[in-house]
Amino acid sequence: MEQTGGYRPDERAETRRVRIEREMNDHQATTVRVVDTGEYRTLVGYKSTAVRRVLERASKGETVTLVLAPTPGRGNSWVVLGD
């Protein structure tokens, strides 16, 4: 996954337990809610096909633990680095 401006997602990565709020759509975006804080996040990128497939099969209400990093310049959107 290419990033610009010297930003490396793993520098700001965090592991979070999240609940699926909206299943993956046609644009491969998924809305989740962080269990500990209640904040919503939109997942828009996946470091690997395997990680993306896990979320493609996830159902609303299901909880998973993911390694997330914010995407630069995209508001509240996040990249999934691992599970």
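Conventions we followed
- Residues numbered from 1 in each chain as written.
- Predicted model: local features only at pLDDT ≥ 70, side-chain atom pairs only at ≥ 80, totals over all residues.
- Heavy atoms only, no water.
- Core = buried A, V, L, I, M, F, W, Y, C linked by side-chain atoms within 4.5 Å.
- Buried < 20%, exposed > 50% of the residue type's maximum accessible area, 1.4 Å probe, protein only.
- Helix = DSSP H or I, 4+ residues; strand = E, 2+ residues; numbered from the N terminus.
- Contact = heavy atoms within 4.5 Å.

Ranked by internal contacts, the top residues of the largest apolar core, which has 15 residues, are Val-18, Leu-43, Tyr-46, Leu-55, Leu-66, Leu-68 and Val-80. When residues of this core are traced back to their parent elements, those giving at least two are strand 1 (14-22), strand 2 (30-34), strand 3 (40-46), helix 1 (49-57), strand 4 (63-70) and strand 5 (77-82). At three residues, strand 4 tops the list of elements feeding residues into this core. Aside from chain neighbours lying at most four places away, what touches Leu-68 is Arg-12, Ala-13, Glu-14, Arg-16, Val-18, Arg-41, Leu-43, Trp-78, Val-79 and Val-80.

Moving on: unusual backbone geometry. A positive phi angle is found at Gln-28, which is not glycine, with a value near 65°. Relative to the helices and strands, Gln-28 is located in the loop between strand 1 and strand 2. With relative accessibility at 34%, the residue Gln-28 sits in the partly exposed group.

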